[in-house]
Amino acid sequence: MSEQRRSERLDQPREPRGMKLPRFDAEAFGRWSEATARGMGTANFIVYMTVVIAAWFAWNTLAPANLRFDPYTFTFLTLLLSLQASYAAPLILLAQNRQTDRDRVALEEDRRRATMQKADTEYLAREVAALRIALGEVATRDFLRSELARLAEELDEAAQRRQKLERRQQERPAPPSDGGGKPLDEPLDERDDDFARSRRPEGPARGRRPQGPARER
């Protein structure tokens, strides 16, 4: 009873009844058909077939009558060629179908790779654009060179001014002194550094009153 219910289940295919056809490997048969079609499509096959047919004609025409197995009209040869043609056409079609399947798979793979390459190219283009925008705010080499050149010019000018000031201080005569060897006070001059020293904060007064421009203050 359980076996009968198991055989009547609708979720399983029914076993075929009657004569069972022999099973074969479709992949192996396809490879064999491709090899056959590839061999029949070469120049060697045409040459060999021409040689066989010529020998067939020569034997059944020139050989003694009792040795001719296919006399004139060559009925047996016609039958063989018909069989060859009838089997060659399906084999060639099968080989073409397999080649078409491979071409379709290769085309799908090429389309997938093209889509991936397009996505990668768009991503790289966006990254390059972002880098260009980011580099627009970064100091370039020319800008740094110009700033360094300007800074070097300013340093040279400052060094020249300092050298001129030192040269003037060296060329300035010594201030006159009174009889006790104490230098006399002289008015402050902007050309030397007396005026700059007078602006510096000093300690408590030492009982000496400033003279010159300081007295006016």
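Residues numbered from 1 in each chain as written. Predicted model: local features only at pLDDT ≥ 70, side-chain atom pairs only at ≥ 80, totals over all residues. Heavy atoms only, no water.

Examining the pattern of salt bridges
In this structure the tally under the stated criterion is 9 salt bridges. Glu-109 is paired through a salt bridge with Arg-112; the nearest N and O atoms lie 2.3 Å apart. On the criterion of helical spacing, the pair formed by Glu-109 and Arg-112 is a turn pair, its members being 3 residues apart in helix α4 (residues 75–135). You can call Glu-109 partly exposed: its relative accessible area is 27%. Linking Arg-150 and Glu-154 is a salt bridge whose minimum nitrogen-to-oxygen distance equals 2.8 Å. Taken together, the positions of Arg-150 and Glu-154, both in helix α5 (residues 141–171) and 4 residues apart, correspond to about one turn of that helix. For Arg-150, a relative accessible area of 42% translates into the label partly exposed. When its relative accessible area of 38% is taken as the criterion, Glu-154 is described as partly exposed. (Salt bridge = Lys/Arg side-chain N within 4 Å of Asp/Glu carboxyl O. Helix = DSSP H or I, 4+ residues; strand = E, 2+ residues; numbered from the N terminus. Buried < 20%, exposed > 50% of the residue type's maximum accessible area, 1.4 Å probe, protein only.)

Focus: unusual backbone geometry
Peptide bonds are, in most cases, trans, and in most cases residues other than glycine have a negative phi. Unlike most non-glycine residues, Thr-73 shows phi in positive territory, near 85 degrees. With respect to the element layout, Thr-73 can be found in the loop between α3 (43–62) and α4. One non-glycine residue with positive phi stands out, namely Phe-74, at about 45 degrees. Mapped onto the secondary structure, Phe-74 falls in the loop between α3 and α4.

Comments concerning the packing of α3 against α4
At a minimum axis separation of 11 Å, α3 and α4 run at an interaxial angle of 160 degrees. If you check the angle between α3 and α4, you find them roughly antiparallel. Considering only the axes of α3 and α4, their crossing is right-handed. Facing Phe-45, Met-49, Ile-53, Trp-56 and Phe-57 of α3, the residues of α4 in contact are Phe-76, Leu-77, Leu-80, Leu-81 and Gln-84. Residues belonging to the contact of α3 with α4 are distributed by class as follows: 9 nonpolar, 1 polar and no charged. (Axes fitted to C-alpha atoms, helices over the stretch in contact; angles between N-to-C directions. Parallel < 35°, antiparallel > 145°, perpendicular 65-115°, else oblique. Left-handed = near helix turned anticlockwise from the far one by under 90°. Contact = heavy atoms within 4.5 Å. Nonpolar A, V, L, I, M, F, W, Y, C, P; charged D, E, K, R; others polar.)

A short note on the environment of Phe-74
We classify Phe-74 as buried; its relative accessible area is 12%. Remark: the alpha-carbon pair of Phe-74 and Asn-60, spanning 14 residues in sequence, is separated by 8.2 Å. Those residues in contact with Phe-74 that sit more than four places away from it in its chain are Trp-56, Phe-57, Asn-60 and Thr-61.

What about the confidence of the model for the protein?
Mean pLDDT for the protein: 78, with 72% of residues reaching 70 or above. Element-level pLDDT for the protein is lowest in helix α7 (residues 213–216), with a mean of 42, against a maximum mean of 93 in α3. Predicted confidence is poor over residues 201–217, with pLDDT under 50, and the contacts of this stretch with residues over four places away or in other chains come to 6 contacts. (pLDDT = per-residue confidence, 0-100.)

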